[in-house]
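# Understanding the architecture of this molecule
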Amino acid sequence: MCQANFQPVLTGFGVTPTGGLRQPELPPQKRAKAVLLDDREPLIPQYVDACAEALAEALDSLHRPLLIADFERPFCTAYAALLKIVAPHAAGLAVPEAYTSIPHDFLFAAPYVPEVSFARWLARRRERLLPDLRPVAYTASPDGEGALEAASIPAIGSLLRQHPSRVFDAPTLLCRYFSYLENGKPVFVFFDDKASLARRLKALSGAGVEQVVVLSEEYGQAAELELCVFAAECS
């Protein structure tokens, strides 16, 4: 069985509208396994150097953690320049697919969506992978021709209480599912529990993945963990 050692990831780093650096309160021990940088605000080129200086100082004070670029906007040359400048101040750099043209250590893969088998999803990514192991929580209705819609973990629990159903394993998706009728049509609900997440973690470990992160405020309650944002080393 694959085990995981969980360590906190610092979130909240980002650019401010005035070109400064937004950052969380640093921990007293001045250490972190990883730091998450978002791109909520656009980065104006004239602010790149100032932001890079502030972010590099923060990374140095945290003893060079892994830097994860949790970017959702399209590729931005200013953000690419920022990552290149601060990369030497981090233990490694994880970037999304849009930024793989710059030097990096990991591909930061978006959470798995059960549209294809997990093995096929994993096979598409041929470089060193840092996946977000966020729990699966989706519904699929025939009204949308089977299209998946994201749901929250509490919403999944509520659906199961409203429509008591037998829960099944989805072996190729490495998650669980149940179904119920709505207006005479079946609705399928895909979700994770601790056992299915453990199976996916084992599959990742078997494929050579050394670390994962989970970026989900709900996961702590779902998996009975004290930490809801963490990094895990497979061993």
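Above this text sits the structure in question.
Here the structure is a predicted model, which means the values were calculated and not measured.

### Details of the pattern of salt bridges
Across all of its chains, the model carries seven salt bridges by this definition. A salt bridge links Arg-176 to Asp-169, with the shortest nitrogen-to-oxygen separation between them at 3.0 Å. In this structure, a network of salt bridges that share partners links the residues Asp-169, Arg-176, Asp-193 and Arg-199.

### Notes on the sheet that holds strand E12 (residues 185–191)
Taken in spatial order, the five strands of this open sheet run E9-E8-E12-E11-E10, and their pairing is antiparallel. Edge positions in the sheet fall to strand E9 (148–150) and strand E10 (168–170), since each of these pairs with one other strand and no more. Strand-to-strand twist across the sheet, computed as the mean angle between neighbouring axes with direction ignored, equals 35°. Strand direction decides the pairing type here: E10 and strand E11 (residues 175–182), joined by three bridges, are antiparallel. Following the sheet pairing, Phe-168 is matched in E11 by Tyr-177. This element, helix H5 (residues 194–206), spans E10, E11 and E12 of the sheet and lies at about 135° to E11.

### Quick look at the pairing of strand E4 (residues 66–70)
Most of E4 is tucked away, with five of its five residues classed as buried. Alternating positions in E4 separate into two faces, Leu-66, Ile-68 and Asp-70 on one and Leu-67 and Ala-69 on the other, with burial throughout. Bridge count for strand E3 (residues 34–38) against E4 is five bridges, and the pairing is parallel. Its bridge partner being in E4, Asp-38 is matched across the sheet by Asp-70.

Reading guide: rules and limits
Residues numbered from 1 in each chain as written. Predicted model: local features only at pLDDT ≥ 70, side-chain atom pairs only at ≥ 80, totals over all residues. Heavy atoms only, no water. Salt bridge = Lys/Arg side-chain N within 4 Å of Asp/Glu carboxyl O. Pairing = 2+ DSSP bridges. Helix = DSSP H or I, 4+ residues; strand = E, 2+ residues; numbered from the N terminus. Axes fitted to C-alpha atoms, helices over the stretch in contact; angles between N-to-C directions. Contact = heavy atoms within 4.5 Å. Buried < 20%, exposed > 50% of the residue type's maximum accessible area, 1.4 Å probe, protein only.

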